[in-house]
Amino acid sequence: MTERLQKILSSLGVASRRMAEKMIEDGRVSVNGTVALLGQSADPDRDEILLDGRPLPSGSEYVYILLHKPRGYVTTLSDEKGRKTAAELVADCGTRVYPVGRLDMDSEGLLLFTNDGEFANHLMHPKHQVEKTYLTWVGDYSEEAVVNLKQPITLDGYLLRAPKVRVVRPGLLEITIHEGRNRQVRRMCEAAGMHVIRLKRVREGKLDLGELPLGKWRYLTPAEVESLKNR
């Protein structure tokens, strides 16, 4: 059935009618490969409707979002100190979602949001140990420190598995961890004799940050959701 685009987006929980209209005006919505115009109609069962180049969610009650979090944002839903929250950046998704895990204020990169509690608990449960990969710019770099970093250590009384470490170039490391302890990568680097200058999460499980612009978000595809659920 043909309906106005803003009504379609609203009915799928993508955004309110007013926010959907703004998305269309901003050129973020396309129909069958052509940028949509405000007031345009489409048939969601027959037409290809994309938001930011991605298909719309299926209309199920659950929403799964990938955000490219900038530095300077905390991952709590609200902050008593008045700091900016990552939740503000996904507020236009049309429903209340919350972050899956944490990414500290000074770090950037891939951060998941959802309203599916079972999905979130699955990813955060220690027994699943979903791998997370970070690009890590470090000071006091040395080959000896990298050797130290590759060793298993104990944090907060918890024995961590040895991380995977790849030297992209001196001072820039790709670090993959299996746990999610508080500020884990920073503390591991400090224990190895280096300090973190910049930290960017680029991968979680099979999910990759890709070319998503800083501060922007997109919906996960059904295949991406399944790949995380089947960990």
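Structure: see above.
The rules we used
Residues numbered from 1 in each chain as written. Predicted model: local features only at pLDDT ≥ 70, side-chain atom pairs only at ≥ 80, totals over all residues. Heavy atoms only, no water. Helix = DSSP H or I, 4+ residues; strand = E, 2+ residues; numbered from the N terminus. Buried < 20%, exposed > 50% of the residue type's maximum accessible area, 1.4 Å probe, protein only. Contact = heavy atoms within 4.5 Å. Areas by Shrake-Rupley, 256 points an atom, 1.4 Å probe, with all protein chains shown as cover. Lys, Arg positive; Asp, Glu negative; His and termini not counted. Charge placed at Lys NZ, Arg CZ, Asp CG, Glu CD. Phe/Tyr/Trp six-rings, centres within 6.5 Å; stacked < 30°, edge-to-face > 60°. Salt bridge = Lys/Arg side-chain N within 4 Å of Asp/Glu carboxyl O. Polar contact = N/O pair within 3.5 Å; in protein donor to acceptor, adjacent residues only side chain to side chain. Axes fitted to C-alpha atoms, helices over the stretch in contact; angles between N-to-C directions. Parallel < 35°, antiparallel > 145°, perpendicular 65-115°, else oblique. Nonpolar A, V, L, I, M, F, W, Y, C, P; charged D, E, K, R; others polar.

(A) A look at the overall build of the protein. Assigned secondary structure in the protein consists of 6 helices and 17 strands. Principal axes of the C-alpha set define a box for the protein whose edges measure 65 × 35 × 30 Å. When each of the 231 residues of the protein is scored for burial, the buried share is 47%. Taking contacts inside the protein between residues at least 6 apart in sequence as the whole, the part at least 24 apart equals 65%. Summed over its atoms, the accessible surface of the protein is roughly 12200 Å², and 47% of this surface lies on carbon and sulfur atoms. Measuring between centres, the 35 positive side-chain charges of the protein sit 2 Å from its 32 negative side-chain charges.

(B) View of the environment of E174. Position of E174 among the secondary structure elements: in strand β14 (residues 172-177). Once the C-alpha coordinates of E174 and Y62 are considered, the two residues, 112 residues apart in sequence, prove to be 32 Å apart. For E174, the residues in contact, after removing those within four places along its chain, are T133, Y134, L135, K164, V165, R166, V168 and R203.

(C) Broad picture of the packing of aromatic side chains. Per the stated rule, a full pass over the model turns up 2 aromatic pairs. Taking the centre distance of 4.9 Å and the plane angle of 70 degrees together, the rings of Y64 and F119 count as edge-to-face. Highlighted residues: Y64 in strand β7 (residues 64-69) and F119 in helix α3 (residues 117-124), separated in sequence by 55 residues. Across this residue pair, the class does not change: Y64 and F119 are buried. An angle of 85 degrees between the planes, with centres 5.0 Å apart, marks the rings of W217 and Y219 as edge-to-face. Of the two residues examined, W217 and Y219, each falls in the buried class.

(D) Geometry of the environment of V74. When you line up the elements, V74 lands in the loop between β7 and β8 (98-100). Sequence separation between V74 and L220 is 146 residues, and the spatial gap between their C-alpha atoms is 22 Å.

(E) Spatial organisation of the side chain of E204. If you trace the backbone, E204 turns up in strand β15 (residues 195-204). Here E204 occupies a buried position and makes no salt bridge, while the nearest side chain of opposite charge, R201, is found at 4.2 Å. When near neighbours in sequence (up to four residues on either side) are disregarded, E204 contacts L110, L112, L123, V130, E131, K132 and L228.

(F) Up close: the side chain of D92. Take D92: it is sitting in the loop between β7 and β8. Accessibility expressed as a relative area gives 18% for D92, which makes it buried. Of note is the side chain of D92, whose polar atom sits 2.8 Å from the side chain of W217.

(G) Representation of the packing of α3 against helix α6 (residues 222-229) in the model. Between α3 and α6, whose axes approach to 10 Å, the crossing angle comes to 50 degrees. When the axis of α3 is compared with that of α6, the two are oblique. Between α3, through F119, H122 and L123, and α6, the contact on the second element is made entirely by V225, L228 and K229. Residue composition of the contact of α3 with α6, by class: 4 nonpolar, 1 polar and 1 charged.

Just distances and angles here, no functional claims.
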